Amino acid sequence: MARVAEVLLDYLPRIEAAARELADAHEQVKAATQRRNQLIIDAVDAGVSQRAVAKAAGVGQPRIIGILGTPLETEHDDDSET
């Protein structure tokens, strides 16, 4: 019985490590999204068409419109549009 408890408890540190890894990945995605969104804003401000920016970013033009109308620090990204 002690061996079973040992095996079960072995999962907890692994789960904690996976949770930390996932939290780190979320932070990296958030930072990358903010960088991408700023580049999108800069490109449109410089005169690049929203259609061209959308194609380059791999999102739909409605997503570009959303990015242009949303402050970067509160942006919640959903790149499911293509």
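Residues numbered from 1 in each chain as written. Predicted model: local features only at pLDDT ≥ 70, side-chain atom pairs only at ≥ 80, totals over all residues. Heavy atoms only, no water.

I'd like a rundown of the overall build of the protein chain, residues and numbers included.
Looking only at helices and strands, the protein chain has three helices and zero strands in total. Listed by position from the N terminus, the elements making up the protein chain come as α-α-α. A buried classification covers 18% of the 82 residues belonging to the protein chain. Considering only contacts in the protein chain between residues 6 or more positions apart, those separated by 24 or more positions represent 35%. Surface accessibility of the protein chain: about 6,200 Å² in total, with carbon and sulfur atoms responsible for 59%. (Helix = DSSP H or I, 4+ residues; strand = E, 2+ residues; numbered from the N terminus. Buried < 20%, exposed > 50% of the residue type's maximum accessible area, 1.4 Å probe, protein only. Contact = heavy atoms within 4.5 Å. Areas by Shrake-Rupley, 256 points an atom, 1.4 Å probe, with all protein chains shown as cover.)

Before we move on, can you summarise the confidence of the model for the protein chain with the specific residues and values?
A residue-level look at the protein chain finds 82% of positions with pLDDT of 70 or above and a mean pLDDT of 86. When the elements of the protein chain are averaged for pLDDT, helix α1 (residues 2-45) gives the smallest value, 92, and helix α2 (residues 50-57) the largest, 97. (pLDDT = per-residue confidence, 0-100.)

I'd like a description of the pattern of salt bridges, backed by residues and values.
Counted under the stated rule, the structure contains one salt bridge. Arg-14 is the salt-bridge partner of Asp-10, the closest N and O atoms lying 3.1 Å from each other. Note that Asp-10 and Arg-14 are positioned in helix α1 at a spacing of four residues, about one turn of the helix. (Salt bridge = Lys/Arg side-chain N within 4 Å of Asp/Glu carboxyl O.)

Account for the nonpolar core, with residues named and values stated.
Among the nonpolar cores identified, the biggest contains eight residues, and these are Ile-40, Ile-41, Val-44, Val-53, Ala-54, Val-59, Ile-64 and Ile-67. Elements represented by at least two residues in this core include exactly α1, α2 and α3 (61-68). The biggest single contributor to this core is α1, with three residues. Excluding its chain neighbours within four sequence positions, the residues that come into contact with Val-44 are Gln-50, Val-53, Ile-64 and Leu-68. (Core = buried A, V, L, I, M, F, W, Y, C linked by side-chain atoms within 4.5 Å.)

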